[in-house]
Amino acid sequence: MDARTLPLAPSVVADLRTSPLVEPATTTPVLTRGRQGFSTRQVHAGTAVADANQSRALPIHLTAGFVFDDFDQAAARFGADDPGFSYTRIGNPTTEAVERLIAALEGGVEAVLLSSGQAAIATALLALLGGGDRLLTAASIYEGSRSLFLENFARLGIATDEVVDTRSAQAWERAIRPTTRAIFAESIPNPRNDLTDIALVAEVAHRHGIPLVIDNTFATPYLLRPLEHGADIVVHSASKFLSGHGTVLGGVVVDGGTFDWSAHRDRFGQITEPAPGLDGRGYGDIAGRAAYSAYLRRAVVPRFGPTPSPFSAFLIQQGIETLSLRVQRQSDTALTVARWLEEHPEVQSVDYSGIATNAYHDLARRYLPHGQGSVFSFTLRGGREAARSTINRVQLFTRMTNLGDVRSLILHPASTTHTLRSPEQLKAAGIGQGLIRLSIGVEDADDLIADLEQAIG
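So, a few notes on the structure that sits alongside this text. Note that the structure is predicted; figures quoted are calculated from it, not measured. (Residues numbered from 1 in each chain as written. Predicted model: local features only at pLDDT ≥ 70, side-chain atom pairs only at ≥ 80, totals over all residues. Heavy atoms only, no water.)

### Comments concerning the packing of aromatic side chains
Here is step 1: All chains considered together, the criterion is met by 12 aromatic pairs.
Here is step 2: A ring pair is formed by F311 and F314, whose centres lie 6.3 Å apart and whose planes are at 20°; its orientation type is stacked. One end of the pair is F311 and the other is F314, both in helix α12 (residues 310–320) and three residues apart, which spans about a single turn.
Here is step 3: Its relative accessible area of 40% is what places F311 among the partly exposed residues. (Phe/Tyr/Trp six-rings, centres within 6.5 Å; stacked < 30°, edge-to-face > 60°. Helix = DSSP H or I, 4+ residues; strand = E, 2+ residues; numbered from the N terminus. Buried < 20%, exposed > 50% of the residue type's maximum accessible area, 1.4 Å probe, protein only.)

Written out as structure tokens, the structure is:
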């Protein structure tokens with residue numbers, strides 16, 4: 001079924017019979033022979049000229065609502081079969097174009113753009129979980145996500161289990177309970193680069209009829225597309241590399257269209273069973289493989305309300321146009337900086353999967369052959385005071401809590417992002433007082449190394 005018939009979901013999905021990496025069928029293709037390269041798609045996918053003035057740049061539709069032609073059209077827009085726009089909290093032409101673009105880059109059937117990366121994670125999982133259910137996650141994930149699960153989700157009656165040895169299929173198997181309804185991990189975990197073996201986790205998840213959700217923020221679809229390795233749903237903080245300039249907040253959920261919800265009706269009835277306003281049909285009946293994103297868009301996101309501004313969507317799209325150029329340079333520079341740090345006498349260890357001696361280098365070679373990302377950490381022998389001195393003395397690096405910026409950033413996790421953890425928890429996570437996190441920008445590698453050299457002393 002053409003997902004264009006999806007109610008209250010103007011976002012266009014790719015033809016489900018073709019490769020998920022081609023441009024959505026309703027946009028004007030730039031090339032017709034063979035699959036387009038990533039850099040071509042990041043500029044052209046999903047953003048065909050559609051406004052009356054034939055604007056080449058993506059128009060910004062700054063409007064809360066959209067005019068109905070008549071009584072019947074208004075009723076149809078709120079029904080099951082008219083895909084037109086009604087209200088920006090539900091859909092907007094600018095936002096729709098960016099959703100098509102990101103879905104094409106990740107290889108999904110549809111994407112839903114949201115107001116922040118945290119909103120993307122929360123809504124993606126709350127579409128799957130309810131009171132009494134359990135979430136299974138890797139122990140090494142972004143602290144904001146971990147706190148969301150262990151504190152906020154717990155208040156909703158959703159329990160969270162963690163797997164420490166993420167490279168062990170047996171560890172994942174042992175952690176699954178009868179009420180586990182989703183598995184969550186990061187492709188490149190924050191801040192220690194202890195990579196996730198996505199295919200391994202996906203195999204375990206699918207053997208138990210559980211969807212796998214991967215946060216792909218650090219890798220971006222340029223370096224890694226988790227759907228190609230078995231993930232079912234991908235989330236991003238678009239505030240980071242996708243937008244790339246530290247100017248906007250945003251998040252996105254990409255539906256891979258791979259999980260068979262109808263085979264697990266007892267677990268995911270909210271997606272498969274007849275739903276209000278769908279004339280006795282379920283989301284699979286009206287959206288086919290895009291059933292999950294249909295449910296997310298119609299029944300979860302509008303009710304929680306994490307709507308992105310169309311202007312924010314525009315800025316994210318502008319950033320994506322140069323994604324491959326930025327990420328490739330940032331990854332190359334990060335490897336150069338990491339290798340230099342590895343040789344520094346004051347550096348105890350470097351957590352970067354691109355280094356041959358790193359414990360996750362074999363996974364980096366398999367999943368990230370074109371670059372291992374630009375966010376990593378290193379630990380100074382002098383502990384907290386050495387970290388304090390280094391961070392206070394940098395001149396080119398910016399002291400701030402963001403990632404994926406064109407500017408290089410530096411932060412001390414133990415006293416900032418992970419400050420709520422006990423000393424025992426920090427030790428268990430491998431986050432010592434001397435650990436510093438870097439997000440490498442697009443500056444010259446020699447200049448960044450010179451700044452670190454004078455700062456470390």
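### Brief notes about the sheet that holds strand β5 (residues 212–215)
Sheet strands associate in pairs through backbone hydrogen bonding, adopting either a parallel or an antiparallel arrangement.
Here is step 1: Read across the open sheet, the seven strands follow the order β1-β7-β6-β5-β4-β2-β3; overall the sheet is mixed. Here the strands that pair on one side only, and so sit at the sheet edges, are β1 (110–114) and β3 (159–163). Between one strand and the next, the sheet's axes are offset by a mean angle of 20°, whatever the strand orientation.
Here is step 2: Pairing between strand β2 (residues 134–138) and β3: five bridges, direction parallel. Bridged to A138 within β3 is V163. (Pairing = 2+ DSSP bridges. Axes fitted to C-alpha atoms, helices over the stretch in contact; angles between N-to-C directions.)

### Section: the packing of helix α13 (residues 323–342) against helix α17 (residues 445–456)
Here is step 1: The interhelical angle for the contact between α13 and α17, taken along N-to-C directions, is 30°, at an axis separation of 10 Å. One element, α13, and the other, α17, form an angle in the roughly parallel class. Where α13 crosses over α17, the two elements pack in a sense that is right-handed. Taken together, the residues of α17 that come into contact with α13 (itself represented by T333, T336, V337, W340 and L341) are A445, L448, I449, L452, E453 and I456. (Parallel < 35°, antiparallel > 145°, perpendicular 65-115°, else oblique. Left-handed = near helix turned anticlockwise from the far one by under 90°. Contact = heavy atoms within 4.5 Å.)

### Digging into the nonpolar core
Here is step 1: L125, L128 and Y292 are the most contacted members of the largest nonpolar core, which has 102 residues in total.
Here is step 2: Top element by residues in this core is helix α11 (residues 291–304). It accounts for eight residues.
Here is step 3: Apart from residues lying up to four places away in sequence, L128 is in contact with D133, R181, A182, P211, V213, I233, W261, F268, Q270, I271 and Y292.
Here is step 4: Counting residues in hydrophobic clusters, the runner-up holds 25 residues, among them F376, V394, I410 and I456. (Core = buried A, V, L, I, M, F, W, Y, C linked by side-chain atoms within 4.5 Å.)

### Some thoughts on the pattern of salt bridges
Here is step 1: Taken as a whole, this structure holds 21 salt bridges when the rule is applied.
Here is step 2: In this structure, E99 and R297 form a salt bridge, with 3.3 Å as the shortest nitrogen-oxygen distance. Pair noted here: E99 is in helix α3 (residues 93–106) and R297 is in helix α11, with a separation of 198 residues, a long-range link.
Here is step 3: A residue is classified by how much of its surface remains accessible, and R297, at 4% relative accessible area, is buried.
Here is step 4: As a salt-bridge pair, E110 and R297 come within 2.8 Å of each other at their nearest N and O atoms. Of this pair, E110 sits in strand β1 while R297 sits in helix α11; the two residues are 187 residues apart in sequence, bridging distant segments of the chain.
Here is step 5: Salt bridges linked by common partners bring E143, R146, E162 and R421 together as one network. (Salt bridge = Lys/Arg side-chain N within 4 Å of Asp/Glu carboxyl O.)

### A closer look at the environment of R281
Here is step 1: Here R281 is to be found in the loop between α9 (269–272) and α10 (283–287).
Here is step 2: Here the alpha-carbon distance between R281 and A80, two residues 201 residues apart in the chain, equals 9.2 Å.
Here is step 3: Leaving out residues up to four positions away in the same chain, R281 has contacts with A80, D81, E273, P274, A275 and I286.
Here is step 4: Reaching out from R281, the side chain makes a polar contact with the backbone oxygen of L278 at a distance of 3.0 Å. (Polar contact = N/O pair within 3.5 Å; in protein donor to acceptor, adjacent residues only side chain to side chain.)

### A short note on the sheet that holds strand β10 (residues 398–399)
Here is step 1: Taking strand neighbours across the sheet as the criterion, the five strands line up as β8-β9-β12-β11-β10 in an open arrangement whose pairing is mixed. Taken across any chain shown, the strands that pair with only one partner, and hence form the sheet edges, are β8 (347–351) and β10.
Here is step 2: Bridge count for β8 against strand β9 (residues 375–380) is four bridges, and the pairing is antiparallel. What sits directly across from D351, in β9, is S377.
Here is step 3: Against the sheet, α13 makes contact with β8, β9 and β12 (435–439), and its axis sits at roughly 10° relative to β9, the strand it touches most.
Here is step 4: Against the sheet, helix α15 (residues 383–393) makes contact with β9, β10, β11 (409–411) and β12, and its axis sits at roughly 125° relative to β9, the strand it touches most.

### With respect to unusual backbone geometry
Here is step 1: Here the residue pair N190 and P191 is connected by a cis peptide bond, since its omega of 5° sits within 30 degrees of zero.
Here is step 2: By the element assignment, P191 lies in the loop between β4 (180–186) and α7 (198–207).
Here is step 3: Despite not being glycine, N193 has its phi angle at roughly 65°, a positive value.
Here is step 4: Within the fold, N193 resides in the loop between β4 and α7.

### Quick look at the packing of helix α4 (residues 117–126) against helix α5 (residues 143–155)
Here is step 1: Where α4 meets α5, the closest approach of the two axes is 11 Å, and the angle between their N-to-C directions is 45°. Overall, the two elements α4 and α5 adopt an arrangement that is oblique. Considering how the two elements wind past one another, α4 and α5 form a crossing that is right-handed. Contacts between α4 and α5 involve Q118, I121, A122, L125 and L126 from the former and G144, S145, L148, F149 and F153 from the latter.

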